[in-house]
Structures are given as C-alpha cells and as structure tokens.
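Here are the chains, one letter per residue:
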Amino acid sequence: MTDMNILDLIYPPKCVHCGSILREKEIEPLCDGICFPKWVFEKFGINDNYLAYYDKNANSVARSMVLKAKNSYNSRLYRYLADEMAELIASRMRVYNDTVIVNVPRSKKKKRETGIDQAERLSKLIAKKLKIQYANVLIHKGNTQQKLLNAQERIENVENAYEIKNNVTGKNIILFDDVITTGATINKCRELLLHFGAKDVTIFSICRTKGEY
Ligand SMILES: [Zn+2]
C-alpha cells in the first residue's frame with residue numbers, strides 16, 4: 001500500500017535530498033536505499049548533557065531534510081524525521097512516564113513568514129510516538145535572527161529572548177531543537193527551565209552544525 005494521492009500525480013513526489021522523482025513504491029521524503037542519513041550519536045556540552053544525532057554523509061541528507069522542514073510542512077518528511085528521532089531517543093535516553101518534550105520556539109517573525117514552527121511540530125510528533133507529553137512552555141519574545149550574528153553577539157542576543165509561560169517544577173524535560181549551532185540558544189532555554197524548577201533537562205537535536213544553517 002503506497003501513500004499516494006491525486007496531488008502526487010500532478011506534482012510527483014521528489015526525494016528531498018537529490019530531487020529525483022520517486023518511483024511508485026518509494027515514499028517521501030527520500031529515495032529508497034540511496035539517500036539515507038547515517039545517524040551518528042554524540043554527547044557534548046557541559047556534563048555531556050547535549051545529545052545530538054547528525055548525519056555523517058559528506059553531502060548531509062539530514063541537512064537537506066532539516067532545511068526543507070524549516071521552510072514548509074511536508075507531512076511525510078515530518079513523520080519520517082519524528083519516527084527516526086523517537087526511535088533514537090528511546091534507544092539512547094532515559095524516558096520516564098512523566099518525561100515531557102519541550103521545543104525551542106521559533107521567532108514570531110520566522111513563524112509568520114514560513115507559517116510553521118518546525119521544532120514545535122516535530123516535538124509533538126515525537127511525543128506522540130514515544131507516548132509521552134508535549135508541553136508548550138517557552139515563549140520567544142523576539143530578537144535579531146541568530147544566523148546574522150557572530151558567536152559573542154549570539155550569546156548576548158539570547159540573554160533576554162525567552163521566557164517561561166507554564167509551570168515546569170519537578171519535570172523531567174527533553175528540550176528539542178532541530179539544529180544546534182553554537183548552542184547559545186538552547187543552553188539559555190535549558191538554564192531558564194532549570195531556574196524555574198525543572199528537575200532535569202536533556203538537550204536533543206537532529207543536527208549539529210557550525211553555522212551554515
Ligand atoms: Zn535521493
């Protein structure tokens with residue numbers, strides 16, 4: 001059973017990485033057996049509390065998927081990424097019944113432009129797959145886009161960019177973002193959650209990069 005519909009006949013689904021039109025038995029987001037990410041797991045940051053999967057391929061398939069996910073909602077791509085991440089989280093991290101997933105929120109400006117907060121949507125799908133709660137906890141108050149700034153400016157920029165809107169006291173949290181660059185943003189969000197009483201906050205991301213996003 002394939003996941004095709006009438007739109008697929010008009011706009012044939014293409015591999016989000018290499019762009020080739022998918023054969024009937026292939027299902028987005030990637031062509032079968034050619035463009036697959038080779039997930040590598042890495043711990044980093046203070047006390048190894050950052051966890052990331054990233055793609056070891058030189059022409060990163062994960063990068064193509066994340067870029068595509070940032071710009072538009074493609075249900076098959078989102079489902080694929082969420083399923084992969086849920087499986088990887090379950091195999092590598094301690095997930096309790098009361099663990100909640102929280103996302104780093106996208107700026108309101110970006111959300112308006114693209115119509116999507118990719119980390120929020122992915123977090124909800126991952127939570128559903130893992131049968132744990134998603135919690136909408138952090139607010140992005142608005143600031144300069146991080147990618148326009150250097151490392152020092154990024155740290156200053158995030159200092160006052162986020163706030164908490166719901167109680168997180170005693171919660172075990174997986175803090176998710178689709179990409180970690182310097183880590184300044186996600187680290188600030190982690191500090192905020194801990195400051196407001198979260199029991200434990202583990203950072204998790206699909207990609208770790210040096211700023212090319
Ligand atoms: Zn491909």
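Worth saying up front: this structure is predicted, and the values here are computed from it rather than measured.

**Student:** Where do I start with the overall build of the protein chain in this structure?
**Tutor:** When you go through the protein chain residue by residue, the secondary structure sums to 7 helices and 8 strands. Expressed as a percentage of the 213 residues in the protein chain, the buried residues total 36%. Taking contacts inside the protein chain between residues at least 6 apart in sequence as the whole, the part at least 24 apart equals 68%.

**Student:** What is the right way to look at the nonpolar core in this model?
**Tutor:** Generally speaking, nonpolar side chains in soluble globular proteins are found buried as a group. In this structure, Leu81, Ile126 and Leu175 are the most contacted members of the largest nonpolar core, which totals 48 residues. Elements with a minimum of two residues in this core: helix 2 (61-71), helix 3 (75-92), strand 3 (100-103), helix 5 (118-130), strand 7 (172-180), helix 7 (184-195) and strand 8 (200-208). If you tally residues by element for this core, the top one is helix 3, at 8 residues. Setting aside residues up to four positions removed in sequence, leucine 81 forms contacts with Met65, Ala69, Leu122 and Ile206.

**Student:** Please clarify how the environment of glycine 197 should be interpreted in this entry.
**Tutor:** Inspection of the secondary structure puts glycine 197 in the loop between helix 7 and strand 8. Classification of glycine 197 by C-beta neighbours within 10 Å gives exposed; the count is 12. Each C-alpha atom, one on glycine 197 and one on valine 168, is 6.1 Å from the other, the two residues being 29 residues apart in sequence. Not counting residues within four places of it along the chain, the set of residues in contact with glycine 197 comprises Val168, Thr169 and Gly170.

**Student:** Explain the packing of helix 6 (residues 151-158) against helix 7 to me, please; I cannot follow it from the model alone.
**Tutor:** A pair of packed helices can be characterised by two numbers: the angle between their axes and the separation between those axes. Between helix 6 and helix 7, the shortest axis-to-axis distance is 9 Å and the interhelical angle comes to 30 degrees. Put simply, helix 6 runs roughly parallel to helix 7. Here the hand of the crossing between helix 6 and helix 7 comes out right-handed. Contacts from Arg154, Ile155 and Val158 in helix 6 reach Ala184, Thr185 and Lys188 in helix 7.

**Student:** What is the right way to read unusual backbone geometry from this model?
**Tutor:** Peptide bonds are mostly trans, and most non-glycine residues show a negative phi. Despite not being glycine, lysine 131 shows a phi value in the positive range, around 60 degrees. By the element assignment, lysine 131 lies in the loop between helix 5 and strand 4 (133-134). The exposure class of lysine 131 is exposed, given the 9 C-beta atoms found within 10 Å.

**Student:** Would you explain the environment of arginine 92 in this entry?
**Tutor:** By secondary structure assignment, the location of arginine 92 is in helix 3. A C-alpha to C-alpha distance of 8.8 Å links arginine 92 and phenylalanine 41, two positions 51 residues apart in sequence.

**Student:** What's the story with helix 7 in this structure? I'm lost.
**Tutor:** The α-helix winds at 3.6 residues per turn, so residues separated by three or four positions along the chain end up facing the same way. A rise of 1.5 Å per residue sets the reference length of helix 7, with its 12 residues, at 16 Å; its end C-alpha atoms lie 16 Å apart and thus fit the reference within 8%. Among all positions of helix 7, only Ala184, Thr185, Ile186, Lys188, Cys189, Arg190 and Leu193 are buried. Following helix 7 by one or two positions, glycine 197 adopts a phi angle in the positive range, close to 100 degrees.

**Student:** Whenever I open this one, the packing of helix 3 against helix 5 confuses me. Can you help?
**Tutor:** Put simply, helix 3 and helix 5 touch, their axes get as near as 8 Å, and they point 55 degrees apart. The orientation of helix 3 with respect to helix 5, classified from their angle, is oblique. You can see that helix 3 and helix 5 cross each other, and the crossing is right-handed. Contacts between helix 3 and helix 5 involve Tyr78, Arg79, Leu81, Ala82, Asp83, Met85, Ala86, Ile89 and Ala90 from the former and Arg121, Leu122, Leu125, Ile126, Lys129 and Leu130 from the latter. Taken together, the residues that form the contact of helix 3 with helix 5 break down as 11 nonpolar, no polar and 4 charged.

**Student:** I'm lost on the pairing of strand 3 in this one. Help?
**Tutor:** When a strand is regular, its side chains alternate between the sheet's two faces. In this structure, strand 3 lies alongside strand 4, joined through 2 bridges in parallel fashion. Looking at the pairing, isoleucine 101 lines up with tyrosine 134 of strand 4.

**Student:** Could you clarify how one ought to interpret the environment of glutamate 163 in this entry?
**Tutor:** Note on placement: glutamate 163 falls in strand 6 (residues 162-164). Not counting residues within four places of it along the chain, the set of residues in contact with glutamate 163 comprises Ile139 and Lys141.

**Student:** Can you walk me through the pairing of strand 7 in this structure?
**Tutor:** Strand 7 sits mainly inside the fold: 8 of its 9 residues count as buried. With 8 bridges connecting them, strand 7 and strand 8 associate as parallel partners. Considered in strand 8, the bridge of valine 179 is made with cysteine 207. A crossover connection joins strand 7 to the parallel strand 8 through helix 7; in handedness this β-α-β unit is right-handed.

Cut-offs and rules
- Residues numbered from 1 in each chain as written.
- Predicted model: local features only at pLDDT ≥ 70, side-chain atom pairs only at ≥ 80, totals over all residues.
- Helix = DSSP H or I, 4+ residues; strand = E, 2+ residues; numbered from the N terminus.
- Buried ≥ 20, exposed ≤ 12 C-beta atoms within 10 Å, placed from the backbone.
- Contact = placed C-beta atoms within 7 Å.
- Core = buried A, V, L, I, M, F, W, Y, C linked by C-beta atoms within 7 Å.
- Axes fitted to C-alpha atoms, helices over the stretch in contact; angles between N-to-C directions.
- Parallel < 35°, antiparallel > 145°, perpendicular 65-115°, else oblique.
- Left-handed = near helix turned anticlockwise from the far one by under 90°.
- Expected span 1.5 Å × (residues − 1).
- Nonpolar A, V, L, I, M, F, W, Y, C, P; charged D, E, K, R; others polar.
- Pairing = 2+ DSSP bridges.
- Right-handed = clockwise from strand over helix to strand, strands pointing away.

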